[in-house]
Amino acid sequence: MAKRILSGIQPTSDSFHLGNYLGALKQWVELQEGNDAFYCIVDLHALTGEIDPALLRKRILSSAAQLIALGISPEKSTLFVQSHVAEHNQLGWIMECIAGFGEANRMTQFKDKSAKGGADSARVGLFTYPMLQAADILLYQAHYVPVGEDQRQHIELTRDLATRFNTRFGETFRIPEGYILKSGAKIYDLQEPTNKMSKSSGSAAGVLEIMDTPEANAKKIKSATTDAGREVKFDEKEKPGISNLLTIHSALSGKKISDLENEFAGKGYGDFKGAVAEVVVDYLKPIRTRALELLEDESHLVQILHAGADKARTVASATVAESYKNLGLVL
Ligand code: TYM
C-alpha cells in the first residue's frame, strides 16, 4: 500500500553535503516510487540562524535545483517550500501549546546550537524549532519520515506530541515513524571523523559538497584524516576515518563493505582513497551539472515550487481544520 512520506531540509548553505544525501536525500528519491511523498525546503526553520536575505533567496532556489537534480521528480512527489504553506505556522503554534517547556529544553540540537553562540543570544525560534518540525510532519499525516540519525530525537518528540494531542482531543494525527538507515545515517567529517559531516563544520575540507567542483571533492578525499595503520578495514572505534570512507564508497557504489575490504586487502590507503574519490566524483558530477542547468531558469523552478505548494496546501489545510475543530475552536 502506498505510504505517506514527509521530510524536510534546511536551505542554510550553498550546497547540500554528502551526509545530507546519504543520510536522507537518497532515501527521499527511493521512497517517491509507489508512495505519496511530500518534500519540503524548510525556509522558516532557516530563519532561526543568521539571516542574509539575498543569500537565503539564492539558497532556497539552489536547494530546489539540487533536489530535482539528484532525482526528486516534481511529477512523482510534491516538492514545495515551507513558507508557501501557511498551515505550517498555524499547526506550529498548536504544537507549541501542546509541548512542555521541560521536554523542549531537553532537545540536544537546541543545546548544541545555542551553546555555540551563547545561550542568551539564541533566538526563541531556535527553541521552538522542534515544534514547527512536528507540525511539518503531522500536517501530512505521514507514515514515514526519512532522516539521518541526528533527527531521531525530533521525531520522538513529534510522536509524543501527536499521541498527547490524540489522547486529549481525539484521533487527529497519524503517529509517524522515523525512516533511519542502519548504515549511512551518520556520515562523518573527513578531517575530524568522530564529528558528523555538517554545514556548520569548522573547516570546509571535511565536507563533501554536491555543488563543489569534482577536483575539490577529489582533493578533500585524498587528504582525509586516516590512522597510522595500513589495513582497509571497517572498525569505527580504531579506524573512524577509513570506516567513514568505506561507508561512503559502499553507499554510492552498491558494493558490500566486506567486499571492499577484500578488494583493498594488501593495498595502501592511497589506492583506497583514490578509488573513493573516483566513486564520489563520478556520482556527484552529473548532479552538479544538472543543478547548474536548472538554476539558469529561476522562474521555472519557482513555478514547480508553487505547484507543489498548491498540492501540499490541500492536505495541510484539512489537517489544520480537523485539529482546530477538535480543540474547540469555532470554524
Ligand atoms: P538538515 O537540513 O540539517 O539536514 C537534512 C537531512 O540530512 C541529514 N543529515 C545527515 N545524515 C547523515 N549524516 C550526516 N552527517 C548528516 N547531516 C545531516 C539530517 O538528518 C536530515 O535528515 N530539522 C531538520 C529539517 C526539518 C525536517 C522537518 C526533517 C524540518 N522539518 C520535518 C524531517 C521532517 C534539519 O535540520 O535537517
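Residue positions are counted from 1 within each chain, in the order its sequence is given. Two thresholds apply to this predicted model, a pLDDT of at least 70 for residue-level local features and 80 or more for giving and counting side-chain atom pairs, whereas whole-chain, interface and lining totals are computed over all residues. To obtain the side-chain values, all non-hydrogen atoms of the structure were used and water was disregarded.

### Overview of helix H4 (residues 87–98)
- Helix numbers and strand numbers start at the N terminus; a helix is a DSSP run of H or I with at least 4 residues, a strand a run of E with at least 2. Multiply 1.5 Å by the residue count of a helix minus one, and that product is the helix's expected span. An ideal rise of 1.5 Å per residue puts 16 Å on 12 residues; H4 measures up with 17 Å between its terminal C-alpha atoms.
- Buried residues of H4: Glu87, His88, Leu91, Gly92, Ile94, Met95 and Ile98, and no others. Viewed along the axis of H4, the buried residues span an arc of 165°, placing them on a single side of the element.
- Of the surrounding elements, those touching the buried residues of H4 are strand S2 (36–41), strand S3 (78–81), helix H5 (101–105), helix H7 (124–138), helix H8 (152–169) and helix H13 (298–327). Only protein chains enter the accessibility calculation, which uses a 1.4 Å probe. A residue is then buried if its area is under 20% of the maximum for its type, exposed if over 50%, and partly exposed in between. The arc in question is the one traced by the directions running from the helix axis out to the C-beta atoms. Any two residues having at least one pair of non-hydrogen atoms within 4.5 Å are treated as being in contact.

### Some thoughts on the domain arrangement of the chain
- In this entry, domain limits derive from an automatic or database-based domain assignment. Per the domain assignment, the segments of the chain are domain 1 (3–185 + 297–327) and domain 2 (204–291).
- On a C-alpha basis, the centroid separation for the pair domain 1 and domain 2 is 30 Å.
- At the interface, 14 residues of domain 1 touch 14 residues of domain 2.
- Summed over both partners, the accessible area lost on bringing two parts together, with a 1.4 Å probe, is the buried area. Taking both sides of the interface into account, the surface hidden between domain 1 and domain 2 amounts to around 1200 Å²; carbon and sulfur atoms contribute 75%.
- A side-chain nitrogen of Lys or Arg and a carboxyl oxygen of Asp or Glu constitute a salt bridge if their distance falls within 4 Å. For the pair domain 1 and domain 2, the interface holds 0 salt bridges.
- N or O atoms within 3.5 Å of each other form a polar contact, as long as, within protein, one can give a hydrogen and the other can take it, and as long as residues adjacent in sequence are counted only when both atoms are side-chain atoms. For the pair domain 1 and domain 2, the number of links is 5 residue pairs in polar contact (both at pLDDT 80 or more).
- For the side of domain 1 that touches domain 2, the secondary structure elements donating two or more residues are helix H1 (18–31) and helix H3 (53–69).
- Take the side of domain 1 that touches domain 2: its biggest share by element is 4 residues, from H1.
- When its residues are assigned to classes, the side of domain 1 that touches domain 2 shows 7 nonpolar, 5 polar and 2 charged. Here the term charged refers only to Asp, Glu, Lys and Arg, the term nonpolar to Ala, Val, Leu, Ile, Met, Phe, Trp, Tyr, Cys and Pro, and the term polar to all other amino acids, Gly among them.

### What to know about unusual backbone geometry
- Look at glutamine 141: it is not a glycine, yet its phi comes out positive at around 50°.
- Assignment of secondary structure puts glutamine 141 in the loop between H7 and strand S4 (144–146).

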